[in-house]
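# Structure assessment
This is what each chain is made of:
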Amino acid sequence: MTKRYTFRTLLLEIGLIAAAVAFLFPVYALLTMGFKDAAEIVTNPLGLPSTLNFDNFGRAIESARLIPATVNSLIITVASVGGLVLFGSLAGYVLARRATRMSYWAYMAMVAGIILPFQLAMIPLYRAMVVLELTGTHLGVILFYWGVHMPLTVFLYTGFVRALPDDYVGAALIDGANHWQAFWRVLFPLLRPVTGTVIILNVVSVWNDFFTPLLYLGNSGFETIPVRVYSFVNEYTSDYGLVAAGIILASLPVLVLFLLLQRYVIHGFASGLKG
Amino acid sequence: MTSSSTLESAAAPEVAAAPRVPSPRRRRPRIHTSPPWWFALPAFLMFAAIVAVPTFTGLGVAFTDWSGLGEIEHIVWFQNFIDVFSDKQALGSIRNTLLLTVVIVIVQNVIGLLLALGVHSRVKSRFALRTIFFAPMVVSAVMISFVWKYIYNPRPDAGINGVLGALGLDWLQQDWLGDPEMALWSIAIIVIWQAAGYSMVIFLAGLTGIPEELYEAAMVDGATPMQRFRHITIPQLAPAMTINVLLSLTGALTLFTQVLTTTGGGPGYATETLSTIIYKEAFIYGNFGYSAAIAVLLTIGVSIVAFTQLRIMRRREVD
């Protein structure tokens, strides 16, 4: 690693910035398109918009029904990730601390669940959801995420608890706490870094998931943002300006959140996946 | 020590007190630090109900001609699997999935590694660059795919074609998604564009974990930058490499959203993947049994690849 800013560092900087500019081209295309009217998109597809025209955004909010979709996405994401943290941390604690043959195999089953593609489970599960009348409900999708994201969540918690000394919980137990109290008052606060990682990883994948809500919530009135955008874009397929405005608006919440929390997001992703 | 032990001989209080009164040593409560097993119960019930049991049921469905409605009527044993190998569309999707996987895994990780090395340097804009490269990962693949669908439009003056024209590279202009020869690679570009920053972040985590002393020692010994990279950086990055390859591998093998939103599997069947075929066979054509059989093949494929890869990579990490 070079310590000083040399000529080679300058060349590297120029190269990386050039890469970033090329990398940002889709963002440029989307943003400029959102401000152009239909005629200008035809006559001036690549250039900057001639005027800052906010019509598309107003129309998109109305016709894309993004606000109810945002509420659905919020409900589903909060409940899913909350349950994953709650149940995943408890399971990780058990798997990290109980040295039995049973818990070893339970752990291996969970780890295998990280790799297992859900396509095979999807067919019977869909049928079960229909029979139990869980399709078209928030609960059905939340249950789905609890199961599907549990393996990675438990894996992360187990690894983290293993690296912690056992003394804290031991001390709480000697002081007369029961296991439940010891976990929530002593151990859980110590798990904060890995909880952050678990929250970030699961929020990003639940909030952005497309396939599950398409299957379970399509046409139910409870669509999440990605499903809403998918059907909106197919409805207004030739109105590029409107579609671009809808996509910009729908992506804004998660992008703003990312920019605010980006240090933690990047750190969380990295440390969580480092194993 | 309490009054009860004062009656006993001072030499052997524990032994003497044992029958009736707990000895001081035994009276101290024994702490069971291992938590009760039922703490893990909710998580395992969810895992069982949503992942484990349906996966085994799916395996069973693969041996039937179930339509997804009503009861399962016929067990057809291996007929679905035999059919896959005479079904051009299914075979094409296997081929497409494998091609996409090879290209995505290699290119995404090479770019991710190069970006990580770049933003790990003294470059002044490194924090801004990290944000820019990573940002696409937090946006839904649906939105990303629609943006790219516009960028890939066949007009010579818009999107990528427009940029190529402006740069004087007219001969590179394509009908990116409409040309069956090109469409698969166009989709690979979308995936790589979105996920390269993810690989970068994991490599970056690996790079920050390398102790500085290793480089200092190597420099004292007169190692060239290339030697330092080859003998320190690369081996130290092995764990990050394992995770990156595994993630990109399973992601590419199960690719769905980007295909459905850009080409829907077309033109013809040129971009159909295993996941889109599984979805269509089950939920559009109502062939649940056949769809499950393809899903079984996908699961076997992913498992073999993932476990082999883990084995190879773990061995390398130990060395």
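This structure is a prediction, so every number in the text was calculated from the model and none was measured.

### Topic: the overall build of chain B
Helices and strands together make up the secondary structure of chain B, namely 15 helices and zero strands. Across the 319 residues in chain B, those meeting the buried criterion constitute 50%. Restricting the contact set of chain B to residue pairs at least 6 apart, pairs at least 24 apart contribute 64%. Split by element, the accessible area of chain B, about 15,600 Å² in all, is 66% carbon and sulfur.

### Quick notes on the overall build of chain A
If you tally the helices and strands in chain A, you get 14 helices and zero strands. Mapped in sequence order, the helices and strands of chain A form the string α-α-α-α-α-α-α-α-α-α-α-α-α-α. The C-alpha atoms of chain A give 24 Å as radius of gyration, which overshoots the globular expectation for 275 residues (19 Å, by more than 25%). Counting only C-alpha atoms and orienting by the principal axes, one finds that chain A spans roughly 75 × 65 × 35 Å. Taken over 275 residues, chain A has a buried fraction of 51%. Pairs at least 24 residues apart make up 71% of the contacts formed inside chain A by residues separated by at least 6 positions. For chain A, the accessible surface area stands at approximately 13,000 Å², while carbon and sulfur atoms represent 68% of it. Distance from the positive charge centre (16 side chains) to the negative charge centre (13 side chains) of chain A: 16 Å.

### Things to note about the nonpolar core
Grouped together as the largest cluster of nonpolar side chains are 171 residues, with contacts concentrated most on V229(A), I247(A), F269(A) and F134(B). The element that contributes the greatest number of residues to this core is helix α9 (residues 180-208) of chain B, accounting for 16 residues.

### As for the confidence of the model for chain B
Residue and element names in this part refer to chain B. Mean pLDDT for chain B: 85, with 88% of residues reaching 70 or above. Helix α5 (residues 88-119) holds the highest mean pLDDT among the elements of chain B, 94, whereas helix α1 (residues 13-17) holds the lowest, 42. Both confidence scores are given for the complex: pTM 0.86, ipTM 0.88.

### Observations concerning the UniProt feature "domain: ABC transmembrane type-1" (unreviewed entry) in chain A
The UniProt feature table records "domain: ABC transmembrane type-1" (unreviewed entry) at residues 70-261 of chain A. Along residues 70-261 of chain A one finds 83% helix and 0% strand; the C-alpha atoms at either end are 20 Å apart.

### Remarks on a nonpolar patch on the surface
Nonpolar side chains collect at one region of the surface, where L252(A), V256(A), L257(A), L260(A), L261(A) and Y264(A) lie side by side and expose about 610 Å² of accessible area between them. Assessed through its relative accessible area of 43%, V256(A) is described here as partly exposed.

### Examining the UniProt feature "transmembrane region" (unreviewed entry) in chain A
UniProt feature "transmembrane region" (unreviewed entry): in the numbering of this structure it lies at residues 12-31, 74-95, 104-126, 138-161, 182-207 and 240-261 of chain A. For residues 12-31 of chain A, the end-to-end C-alpha separation is 28 Å, with 95% helix and 0% strand making up the annotated structure.

### A look at the interface of chain B and chain A
At the interface, 91 residues of chain B touch 90 residues of chain A. Where chain B abuts chain A, roughly 8,200 Å² becomes buried across the two surfaces, and 80% of that area is made up of carbon and sulfur atoms. Our enumeration of links across chain B and chain A arrives at eight residue pairs in polar contact (both at pLDDT 80 or more). Among the elements that line the side of chain B that touches chain A, the one with the most residues is helix α3 (residues 41-61) of chain B, at 13 residues. In terms of residue class, the side of chain B that touches chain A is built from 62 nonpolar, 23 polar and six charged.

### Describing the packing of helix α5 (residues 66-97) of chain A against helix α11 (residues 192-208) of chain A
Residue and element names in this part refer to chain A. Between α5 and α11, whose axes approach to 9 Å, the crossing angle comes to 145 degrees. α5 and α11 meet at a crossing whose hand is right-handed. Residue-level contacts link T70, S73, L74, I76, T77, S80, V81, L84 and V85 of α5 to T195, V198, I199, N202, V203, V206 and W207 of α11. Of the residues in the contact of α5 with α11, the class split is 10 nonpolar, six polar and no charged.

### Quick look at the UniProt feature "transmembrane region" (unreviewed entry) in chain B
Residue and element names in this part refer to chain B. The positions UniProt marks with the feature "transmembrane region" (unreviewed entry) are residues 37-63, 98-119, 131-151, 182-205, 237-260 and 288-307. Spanning residues 131-151, this segment combines 71% helix with 0% strand, and its end C-alpha atoms are found 22 Å apart. In residues 182-205, the share of helix is 100% and the share of strand is 0%. The end C-alpha atoms are 35 Å apart.

### Remarks on the packing of aromatic side chains
Tallying each qualifying case throughout the model produces 40 aromatic pairs over all chains. Each ring, one from F35(A) and one from F57(A), has its centre 5.2 Å from the other, and the planes form 50 degrees; the classification is tilted. Placement of the pair is F35(A) in the loop between α2 (25-34) and α3 (38-43) and F57(A) in helix α4 (residues 55-64), with a sequence separation of 22 residues. With respect to class, F35(A) is no different from F57(A); both count as buried. Geometrically, the ring pair formed by F258(A) and F134(B) is tilted, given 5.8 Å between the ring centres and 45 degrees between the ring planes. With F258(A) in helix α14 (residues 240-274) and F134(B) in helix α6 (residues 126-134), this residue pair bridges two chains.

### Structural notes on helix α7 (residues 119-131) of chain A
Note that an α-helix has 3.6 residues per turn; residues three or four places apart therefore point the same way. Residue and element names in this part refer to chain A. In this model, α7 (13 residues) spans 19 Å end to end at C-alpha, consistent with the 18 Å of a helix rising 1.5 Å per residue. At L125, α7 is deflected by roughly 25 degrees, the largest bend along its length. When α7 is considered as a whole, its buried residues turn out to be Q119, L120, A121, M122, I123, P124, L125 and M129. Positive phi shows up at E133, right after α7, with a value of about 55 degrees.

### Overview of the pattern of salt bridges
All names here are of chain B. All chains considered together, the criterion is met by four salt bridges over all chains. Note that D157 and R155 form a salt bridge whose closest N and O atoms lie 3.0 Å from each other. Among the ionic pairs, E272 bridges to K280, the shortest N-O distance being 2.9 Å. The exposure class assigned to K280 is buried, which follows from its relative accessible area of 13%.

Calculation criteria
Residues numbered from 1 in each chain as written. Chains lettered and ligands numbered in written order. Predicted model: local features only at pLDDT ≥ 70, side-chain atom pairs only at ≥ 80, totals over all residues. Heavy atoms only, no water. Helix = DSSP H or I, 4+ residues; strand = E, 2+ residues; numbered from the N terminus. Buried < 20%, exposed > 50% of the residue type's maximum accessible area, 1.4 Å probe, protein only. Contact = heavy atoms within 4.5 Å. Areas by Shrake-Rupley, 256 points an atom, 1.4 Å probe, with all protein chains shown as cover. Rg over C-alpha atoms; globule rule 2.2 N^0.38 Å. Lys, Arg positive; Asp, Glu negative; His and termini not counted. Charge placed at Lys NZ, Arg CZ, Asp CG, Glu CD. Core = buried A, V, L, I, M, F, W, Y, C linked by side-chain atoms within 4.5 Å. pLDDT = per-residue confidence, 0-100. UniProt positions renumbered as here; feature names shortened; annotations may be inferred. Patch = residues over 30% accessible without salt bridge, like charges linked within 9 Å, V, L, I, M, F, W, Y side chains within 5 Å. Salt bridge = Lys/Arg side-chain N within 4 Å of Asp/Glu carboxyl O. Buried area = accessible area lost by both parts, 1.4 Å probe. Polar contact = N/O pair within 3.5 Å; in protein donor to acceptor, adjacent residues only side chain to side chain. Nonpolar A, V, L, I, M, F, W, Y, C, P; charged D, E, K, R; others polar. Axes fitted to C-alpha atoms, helices over the stretch in contact; angles between N-to-C directions. Left-handed = near helix turned anticlockwise from the far one by under 90°. Phe/Tyr/Trp six-rings, centres within 6.5 Å; stacked < 30°, edge-to-face > 60°. Expected span 1.5 Å × (residues − 1). Bend = angle between axes of the 7 residues up to and from the residue.

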